[in-house]
Structures are given as C-alpha cells and as structure tokens.
Amino acid sequence: MNEISKIAVGTIIPVLSLLVNLGCRKADYEGMALEITKEAKTNLVQKLTNAIAEGGTKNAIPFCKQNAMSFTSNLGSKKGVLLRRISDKPRNPMNFVSEEERKIFLEISENPTKEGEYPVKTVTTRDTVTVYVPIPTAGLCLQCHGEPNVDIKKETLEVLQKEYPDDQARGYRVGNLRGLFSVQFAR
Ligand code: HEC
C-alpha cells in the first residue's frame, strides 16, 4: 500500500464506522434514567439526613413537604425529563399512581431478584419513553414510613397526622417497595 492509500484507509474507516455507530445507536434511556435518579436519591437522602440532624424527625416532615416535590421536578426540568416519585400508598396524594402506573408498580414489586432487588421497567409509546426506577425501603426510612408506635414515634405521628391527614405511607419494612421514580423522556 502506498502512503496516500494508507492515509485514505486510515481516515475513511474510522469516519465510516463513526457514522454507522451514530446511525444505529439507540438512545440509552435506561442508562440516562438511572443516572438522573441516582442524583435525585443522593440529594434527597442528603437533604433528609441534614434536616433530621438539625431538627429531629418530626421537624424534617414539614421540610420534606416543602422541598421534596419541587426538588424532584426541578431536577427533572434541568435534565430535560419529567421526573416524579409515585407510590401505590402515597403520603402526598399528588404522588398517587395512575391506573396504568399501578399495574407497573405491581409488576415491579412482584418480581424481585433472589437478592431482593427490584427490576427497572421501560415503557415506550409513540411520543415518550418512561423508565420506572424502584425506590426500596431502607432502615433510615422506617422512622417515618415504618410501623406506627414501633418505628414511628408518637411525636412524629402527630406531625404526620397534621400535615398529611390521608397518609398511607406507613407500615413498610426494610426491602419493601416504597415507590418508583418515573422518568419520562420525549422521543
Ligand atoms: C423525616 C421523615 C421521613 C423520612 C425519614 C423518609 N421520608 Fe419519605 N416522605 C416523607 C414525607 C413527609 C413525604 C411526603 C413529601 C411530599 O409531600 O412531597 C415522603 C414521601 C416519600 C415518597 C413519595 C411518595 C409519597 O409517599 O408521597 C417516597 C417514594 C419516599 N418518601 C421514600 C422514602 C425513602 C425511600 C426513605 C428512606 C431513604 C424515606 N422516604 C424517608 C417523610 C420521610
């Protein structure tokens, strides 16, 4: 091979393979959703831990009421997606699953792996891709989402009653599926 054809081959092949790659690569919605929800979780847990450290569990409840939803939806807007936390037994009624989401919630909650991890599920329509990322219950969550009077102290229950008279988000144990992140991308 002479010098010129070597250069030609050396440039054309990488350029061609780049083009083929770009053309064929499907957007990795699940990967993007996992990154976004990881950031959301880390931030929410950090804010929650700080609020508890500053004012105790019962004072962290009004803090969550004021900040959790706006933080979540603002992070979504920043990332160009619709980001929500949903549950079949919500504390905030705005987080209640729709009929379709309820089916997805059930499917995810009924299919944990042997290690107790819940699967991620992606639903594609003509205009949207929605990735549902499980939010399991951890030990830290029980003081507000566990068994009343066992895990949740009386003083905390009183604040919950006042702030969320229709609260359903109690009685969870470590490992239970507490909710889902819904991450919706426009196609
Ligand atoms: C200090 C009490 C407190 C702790 C601890 C706590 N939460 Fe919550 N949680 C709340 C409150 C209050 C809301 C309602 C927030 C709102 O109004 O948007 C909530 C809402 C949620 C929601 C949205 C669905 C719903 O029920 O409205 C999820 C999901 C959730 N919590 C998961 C968790 C997980 C997982 C943990 C542990 C890592 C946890 N929470 C720990 C108080 C708490």
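Residues numbered from 1 in each chain as written. Predicted model: local features only at pLDDT ≥ 70, side-chain atom pairs only at ≥ 80, totals over all residues.

(A) Layout of the overall build of the chain. Helix and strand counts for the chain stand at 5 helices and 4 strands. Reading the helices (α) and strands (β) of the chain from amino to carboxyl end gives α-α-β-α-β-β-α-α-β. With respect to the three principal axes, the spread of C-alpha positions in the chain is 85 × 35 × 30 Å. Buried positions account for 19% of the 187 residues belonging to the chain. Partitioning the contacts of the chain with sequence separation of at least 6, the portion at a separation of at least 24 is 67%. (Helix = DSSP H or I, 4+ residues; strand = E, 2+ residues; numbered from the N terminus. Buried ≥ 20, exposed ≤ 12 C-beta atoms within 10 Å, placed from the backbone. Contact = placed C-beta atoms within 7 Å.)

(B) Spatial organisation of the UniProt feature "domain: Tll0287-like" (unreviewed entry) in the chain. The sites that carry the UniProt feature "domain: Tll0287-like" (unreviewed entry) are, in the present numbering, residues 46-184. The span residues 46-184 is 42% helix and 19% strand, and its two end C-alpha atoms sit 24 Å from each other. (UniProt positions renumbered as here; feature names shortened; annotations may be inferred.)

(C) Representation of the site of the ligand. In the vicinity of the ligand lie 27 residues, with Ala-60, Asn-92, Cys-141, Cys-144 and Gly-179 positioned nearest. Put simply, the parts of the chain that give the shell around the ligand at least two residues each are helix H2 (29-79), helix H4 (142-145) and strand E4 (177-186). A per-element tally of the shell around the ligand places H2 first, with 10 residues. Considered class by class, the residues forming the shell around the ligand number 15 nonpolar, 8 polar and 4 charged. (Near = placed C-beta within 6 Å. Nonpolar A, V, L, I, M, F, W, Y, C, P; charged D, E, K, R; others polar.)

(D) Representation of the pairing of strand E2 (residues 121-124) in the model. With 4 bridges connecting them, E2 and strand E3 (residues 128-136) associate as antiparallel partners. By the bridge assignment for E3, Lys-121 is matched with Tyr-132. (Pairing = 2+ DSSP bridges.)

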